[in-house]
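# Fold and geometry: a report
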Amino acid sequence: SGIVIKNVIVKNCYNGIVINTSNVYITNVTVQDAVNDGIVVSASNIDISRVTVKDSGDDGIVISASSTTLENSTIQNNGGNGLELHGNVFVYKNTITSNSGIGINIDENSNYARIISNTIDDNDGQGVFIAESHHVKLTNNTIEDNEDYGVHLYFANFTQIHKNTIDDNDGG
């Protein structure tokens, strides 16, 4: 057991929701029009489900911790990246669309992150950028219509890419 944030709408704030304690469950939440980031996570054992984060001034969701799950959510029309990951995160069945930066930026120390069954489309940067992380799994995603590469790997050793549809991205 822990903290539950449920059935909430957060609008017109600096950061929508900031989590810096472990064991938090966020469900059925909308974060809209945050000046900076929609949701910021810096503690482990966080479950985020059925959230909508849209129209944030910077990144939609920033996760800087491991043992975090993001599922069945929509991240759209944010001014920076849709998802900014710095940890072993499980990202499952989300729609990440129309963000001004990268769809999912999997940055350093995201070893063993799993990105499974997501739709990542129409972002202004790469669909998925994996940098300085190893053993990342990218499986069964649809990555299309992004303005840069569909998938870009940079020092991403042992990355596994299986059964993805990667189509019509402008970078290649």
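The preceding data block contains the structure.
One structure accompanies this document, and this report is about it. Remember, predicted model here, so these are calculated numbers, not experimental data.

## Focus on the overall build of the chain
When you go through the chain residue by residue, the secondary structure sums to zero helices and 20 strands. A compact globule built from 172 residues would reach a C-alpha radius of gyration of about 16 Å, and the chain, at 15 Å, matches this within 12%. Projected onto the principal axes, the alpha-carbon positions of the chain cover approximately 40 × 30 × 20 Å. Across the 172 residues that make up the chain, the buried fraction comes to 48%. Contacts spanning at least 24 positions in sequence make up 23% of the contacts within the chain whose residues lie at least 6 apart. Surface summary for the chain: the accessible area is close to 7,500 Å², and the carbon and sulfur share equals 41%. For the chain, the distance from the average site of its 8 positive side-chain charges to the average site of its 21 negative ones is 16 Å.

## Observations regarding the sheet that holds strand β2 (residues 17–19)
The strand order across the open sheet built from seven strands is β2-β4-β6-β9-β12-β15-β18, with neighbouring strands paired in parallel fashion. Two strands close off the open sheet at either side, each with one partner strand: β2 and β18 (151–154). Each strand axis lies, on average, 5 degrees off the axis of its neighbour in the sheet, ignoring direction. As judged from the three bridges shared by strand β4 (residues 39–41) and strand β6 (residues 61–63), these two strands associate in the parallel manner.

## Topic: the environment of Y25
Mapped onto the elements of the fold, Y25 is located in strand β3 (residues 24–32). Accessibility expressed as a relative area gives 33% for Y25, which makes it partly exposed. Separated by 18 residues in sequence, Y25 and N7 place their C-alpha atoms 12 Å apart. Contact partners of Y25, with chain neighbours within four places excluded, come to I3, V4, I5, D47 and S49.

## A few points about the packing of aromatic side chains
Tallying each qualifying case throughout the model produces two aromatic pairs. Ring centres of Y154 and F155 lie 4.7 Å apart, and the angle between their planes is 85 degrees; this geometry places the pair in the edge-to-face category.

## So, unusual backbone geometry
Of note in this structure, N23 is not a glycine but carries a positive phi near 60 degrees. By the secondary structure assignment, N23 is in the loop between β2 and β3. Take N23: its relative accessible area is 39%, and that puts it in the partly exposed class. A positive phi angle, near 60 degrees, is found at F158, a position not held by glycine. Assignment of secondary structure puts F158 in the loop between β18 and β19 (160–162).

## With respect to the side chain of N169
By secondary structure assignment, the location of N169 is in the segment after β20 (165–167). Relative accessible area serves as the criterion here: at 10%, N169 is assigned to the buried category. A polar contact is formed between the side chain of N169 and the backbone nitrogen of D145, at a distance of 3.4 Å. N169 has contacts with I143, E144, D145, N146, D148, Y149 and G150, leaving out every residue within four places of it along the chain.

Scoring rules and cut-offs
- Every chain's residues receive numbers from 1 upward, in the order its sequence appears when written.
- Owing to the predicted nature of the model, reporting of local features is limited to residues with pLDDT of at least 70; listing and counting of side-chain atom pairs is limited to 80 or more, with chain, interface and lining totals taken over all residues.
- Where side-chain values are given, they derive from all heavy atoms of the structure, hydrogens and water being excluded.
- Secondary structure elements are defined from DSSP: runs of H or I of at least 4 residues count as helices, runs of E of at least 2 residues count as strands, and each element is numbered from the N terminus.
- It is over C-alpha atoms that the radius of gyration is taken, and the globule rule equals 2.2 Å times the number of residues to the power 0.38.
- Type-normalised accessible area, obtained with a 1.4 Å probe on protein chains alone, sets the label of each residue: buried when under 20%, exposed when over 50%, and partly exposed for intermediate values.
- Contacts were defined at the residue level, with two residues in contact if any of their heavy atoms lie within 4.5 Å.
- For accessible areas, the Shrake-Rupley method is used with a probe of radius 1.4 Å. Any residue's cover is judged against the shown protein chains and nothing else.
- In this tally, Lys and Arg are treated as positive and Asp and Glu as negative; His is ignored, and so are the chain termini.
- Working definition for charges: the position is that of NZ of Lys, CZ of Arg, CG of Asp or CD of Glu.
- Pairing between strands is defined by DSSP: at least two bridges between the two strands are required.
- For every element, the axis is a line fit to its C-alpha atoms; helices are fit only across the contacting stretch, and the angle between N-to-C directions ranges from 0 to 180 degrees.
- A pair of Phe, Tyr and Trp rings is counted when the ring centres sit within 6.5 Å of each other, with Trp represented by its six-membered ring. The angle between the planes then sorts it: under 30 degrees is stacked, over 60 is edge-to-face, the rest tilted.
- Think of a polar contact as two N or O atoms within 3.5 Å of one another; within protein, one of them needs to be a possible hydrogen donor and the other a possible acceptor, and neighboring residues in sequence only count if both atoms come from side chains.

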